[in-house]
Amino acid sequence: MSKKLSGKALEDYEKKRDIWQEVTDGIREIKAGGGRRISVEPKTEAAKARARIGLSQAQFASLLGVSKRTLEQWEQGRREPSGSAKMLLRIAEAHPEVLKEMVAEN
């Protein structure tokens, strides 16, 4: 449908619908592979590093010594990390086991 229906037109449309058939068709489509999932790859260095380590934003921000909000802004590309933070993010992405060890020690 391209335009909103209202009043009598909406009522007539709803009377003609077979909701259960729509649900059944949807299930068939999913089973046939029509409901495929897509994965979204992180775009920023901060998001890639955190995804590689598998920590929550709060945990990763705490480990880096920044606020969760700062990390969110880095991940969304609104702000850029400082030079030392960028280096730490590169280390986190290249060697996630190092930061995982740090988390285990805390």
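These figures come from a predicted structure and were not determined experimentally. (Residues numbered from 1 in each chain as written. Predicted model: local features only at pLDDT ≥ 70, side-chain atom pairs only at ≥ 80, totals over all residues. Heavy atoms only, no water.)

Peer 1: Help me get a handle on the UniProt feature "domain: HTH cro/C1-type" (unreviewed entry) in the protein, residues and values and all.
Peer 2: Within the UniProt annotation, "domain: HTH cro/C1-type" (unreviewed entry) is assigned to residues 48–99. The span residues 48–99 carries 73% helix and 0% strand; its end-to-end C-alpha distance comes to 14 Å. (UniProt positions renumbered as here; feature names shortened; annotations may be inferred. Helix = DSSP H or I, 4+ residues; strand = E, 2+ residues; numbered from the N terminus.)

Peer 1: Outline a nonpolar patch on the surface, listing residues and values.
Peer 2: On the surface, Met 87, Leu 88, Ile 91, Val 98 and Met 102 cluster together to form a nonpolar patch covering roughly 380 Å² of accessible area. Only helix H6 (83–94) and helix H7 (96–105) provide two or more residues apiece to the nonpolar patch. With three residues, the top contributor of residues to the nonpolar patch is H6. In this fold, Ile 91 is placed in helix H6. (Patch = residues over 30% accessible without salt bridge, like charges linked within 9 Å, V, L, I, M, F, W, Y side chains within 5 Å. Areas by Shrake-Rupley, 256 points an atom, 1.4 Å probe, with all protein chains shown as cover. Salt bridge = Lys/Arg side-chain N within 4 Å of Asp/Glu carboxyl O.)

Peer 1: I'd like a description of H6, backed by residues and values.
Peer 2: Along its 12 residues, H6 runs 17 Å from first to last C-alpha, staying within 8% of the 16 Å computed at 1.5 Å per residue. Within the span of H6, buried status applies to Ala 85, Leu 89 and Ala 92. Angularly, the buried residues of H6 cover 60° about the axis, an arc narrow enough to put them on a single face. Away from its buried face, by an angle of more than 90 degrees, H6 presents the exposed residues Gly 83 and Ser 84. At its buried positions, H6 is contacted by helix H3 (45–53), helix H4 (57–64), helix H5 (68–75) and H7. (Expected span 1.5 Å × (residues − 1). Buried < 20%, exposed > 50% of the residue type's maximum accessible area, 1.4 Å probe, protein only. Arc of directions from axis to C-beta. Contact = heavy atoms within 4.5 Å.)

Peer 1: Describe H4, and please don't skip the residues or the numbers.
Peer 2: All buried positions along H4 are accounted for by Gln 57, Phe 60, Ala 61, Leu 63 and Leu 64. Along the axis of H4, the buried residues cluster in a sector spanning 160°; they form a single face. As for H4, its buried residues are in contact with H3, H5, H6 and H7. Just beyond H4, the residue with positive phi is Gly 65, at close to 80°.

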